[in-house]
Protein chains: 2
Amino acid sequence: MKRKNNVSMAVVRRLPKYYRYLGDLLSKDISKISSSELSKLTGFTASQIRQDFNNFGGFGQQGYGYNVSELHSQLGKILGLNRVCNAVIVGAGNLGQAIGNYAGLEEAGLRLLTFFDKSPKMIGLKIGDIEIKDVSTLETFIKENNVKVGIITTPIASAQQVADRMIASGINGIWNFAEADLKVPEHVMVENVHLNESLFTLSYLVANNNNENK
Amino acid sequence: MKRKNNVSMAVVRRLPKYYRYLGDLLSKDISKISSSELSKLTGFTASQIRQDFNNFGGFGQQGYGYNVSELHSQLGKILGLNRVCNAVIVGAGNLGQAIGNYAGLEEAGLRLLTFFDKSPKMIGLKIGDIEIKDVSTLETFIKENNVKVGIITTPIASAQQVADRMIASGINGIWNFAEADLKVPEHVMVENVHLNESLFTLSYLVANNNNENK
């Protein structure tokens, strides 16, 4: 499979959606789909879809459509979902616990090894089968267990320091829920989920939509 | 304050970030800031920043920079944060509980009234001071309590139906955490937080970054 380098982030962000819709089709025993049918499902144009897949060497045959099962499996590999990667969560509060229980971690090939927190009230408590560890042992744990992905669900004030410590110990991917814009070296990939920015955007849309309708 | 209509979503999505950085400056007693200083903080170019603010009638005076307190307050109004709006959460599992405990709700002017769930095991349980209600009473509750924002943290299979019922009862803003692309009428605003798409994106970045570095 030939891949272009420098696939744009806009393309990358559409891949998980394709993967999800193809999974739905698979579960309905649909084996072939054209780019125009995929367009109706996803809301992207058929030409956009063909261009996106061309970044990774195609997959389709002109006039025959795509083989759903093969496309799903290839996209899964491109997304790296066929690998297993050790992960830890720092920040064992409500959000950290919710993320720890999130079934999507496993689907994305992440094996959650443990939670860390700095609060003496939290350390030693169990979330499911996992005991919350003292964050002072973070570096040792990451190195000894070959942890590659760190999930940050701390308050904003601790986030950069936690990221620095993760990276110094060998982590190269961060899923960041703290409302901070982390500064990291080039080899480290950060994906942010900034809930407040999302919520403020909703607030804007509701507020301004209402104004215009009055 | 003059506003342009049809402000692009790209601009709208930068507003919460400006608002957050201005709040940080305020808490440090910084009263003036230039667009180039704001550029260093946010990572957006100074010209981008000036253009963004021009969508809402400016705020700055050439050569004098921006008044931090005034800009923060104006952005808050534009984002609709000065209003209070009733909200409910449907889906009282881990994620729903985490979102219910999220301090950002109040900051965004949302007053969380209650949780709904369909599981008999969950109905009647308390999350903090709030008792989880039977989702069969959703419509009545929304109408009687003038609820305008609905937060969906259900599994994907229930999400569209829950959205339809919310909208039929008067809700016009949805914060959707289910991995579904909701179909809604034009007057309803949806803001999605698709955790699996974010996580798959991280997985792609880590997988492909590693390959290239080897």
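The preceding data block contains the structure.
Since the structure is predicted, the reported quantities are computational estimates derived from the model, not experimental observations.

Conventions we followed
Residues numbered from 1 in each chain as written. Chains lettered and ligands numbered in written order. Predicted model: local features only at pLDDT ≥ 70, side-chain atom pairs only at ≥ 80, totals over all residues. Heavy atoms only, no water. Helix = DSSP H or I, 4+ residues; strand = E, 2+ residues; numbered from the N terminus. Areas by Shrake-Rupley, 256 points an atom, 1.4 Å probe, with all protein chains shown as cover. Lys, Arg positive; Asp, Glu negative; His and termini not counted. Charge placed at Lys NZ, Arg CZ, Asp CG, Glu CD. Phe/Tyr/Trp six-rings, centres within 6.5 Å; stacked < 30°, edge-to-face > 60°. Buried < 20%, exposed > 50% of the residue type's maximum accessible area, 1.4 Å probe, protein only. Pairing = 2+ DSSP bridges. Right-handed = clockwise from strand over helix to strand, strands pointing away. Least-squares fit on C-alpha atoms with pLDDT ≥ 70 in both. Contact = heavy atoms within 4.5 Å. Salt bridge = Lys/Arg side-chain N within 4 Å of Asp/Glu carboxyl O.

A.B. asks: With reference to specific residues and values, describe the overall build of chain A.
C.D. replies: Summing up its helical and strand segments, chain A has nine helices and ten strands in all. Principal axes of the C-alpha set define a box for chain A whose edges measure 60 × 55 × 35 Å. Approximately 10300 Å² of chain A is accessible, and the part contributed by carbon and sulfur atoms is 48%. Taking the average place of the 23 positive charges on the side chains of chain A and the average place of its 20 negative ones, the gap between the two points comes to 5 Å.

A.B. asks: Any chance you could break down the packing of aromatic side chains for me, citing the residues and the numbers?
C.D. replies: Residue and element names in this part refer to chain B. A full pass over the atoms with the stated rule returns 15 aromatic pairs over all chains. Centroid distance F53 to Y66: 5.2 Å. Interplanar angle 90 degrees. Geometry classified as edge-to-face. You can see F53 sitting in helix α3 (residues 46-54) and its partner Y66 sitting in strand β2 (residues 66-67), a full 13 residues away along the chain. Pair check on accessibility: F53 and Y66 agree, each one buried.

A.B. asks: Outline the pairing of strand β8 (residues 147-152) of chain B, supporting the account with residue identities and numerical values.
C.D. replies: Residue and element names in this part refer to chain B. Burial within β8 is extensive, with five of its six residues counted as buried. Note: strand β3 (residues 85-90) against β8, five bridges, orientation parallel. Considered in β8, the bridge of I89 is made with I151. Across four bridges, β8 lies against strand β9 (residues 173-176) in parallel orientation. Bridge pairing links V149 to G173 in β9. With respect to chirality, the unit in which β8 leads through helix α8 (residues 156-168) into the neighbouring parallel β9 is right-handed.

A.B. asks: Any details on the relation of the copies chain A and chain B? Residues and values, ideally.
C.D. replies: Note on the copies: chain A fits chain B at an RMSD of 0.0 Å, the axial shift is 0.0 Å, and the rotation between them is 180 degrees. This pairing of chains is accounted for by a two-fold axis. Using C-alpha coordinates, one finds that chain A approaches the rotation axis most closely at A98(A), a distance of 3.1 Å. Both copies present the same face, since 98% of the interface residues in chain A are matched by interface residues at the equivalent positions in chain B.

A.B. asks: Summarise the pattern of salt bridges; cite the residues concerned and give the values.
C.D. replies: Residue and element names in this part refer to chain A. Inspection of the entire model under this criterion finds 14 salt bridges over all chains. One salt bridge connects E191 with R13, and the closest N-O pair in it is separated by 2.8 Å. Here R13 lies in helix α1 (residues 9-27) and E191 lies in strand β10 (residues 189-192), a separation of 178 residues in the sequence. On the accessibility criterion, E191 (4% relative accessible area) is buried. On the basis of relative accessible area, R13 is assigned to the partly exposed category, the value being 38%.

A.B. asks: Outline the sheet that holds strand β4 (residues 110-117) of chain A, listing residues and values.
C.D. replies: Residues and elements named next belong to chain A. Here six strands make up an open sheet; going across it, the order is β7-β4-β3-β8-β9-β10 and the pairing parallel. Strands with a single pairing partner mark the edges of an open sheet, and in this sheet they are β7 (133-134) and β10. Sheet topology places strand β3 (residues 85-90) next to β4; six bridges connect them, and they run parallel. Bridge pairing in β4 places C85 opposite L110.

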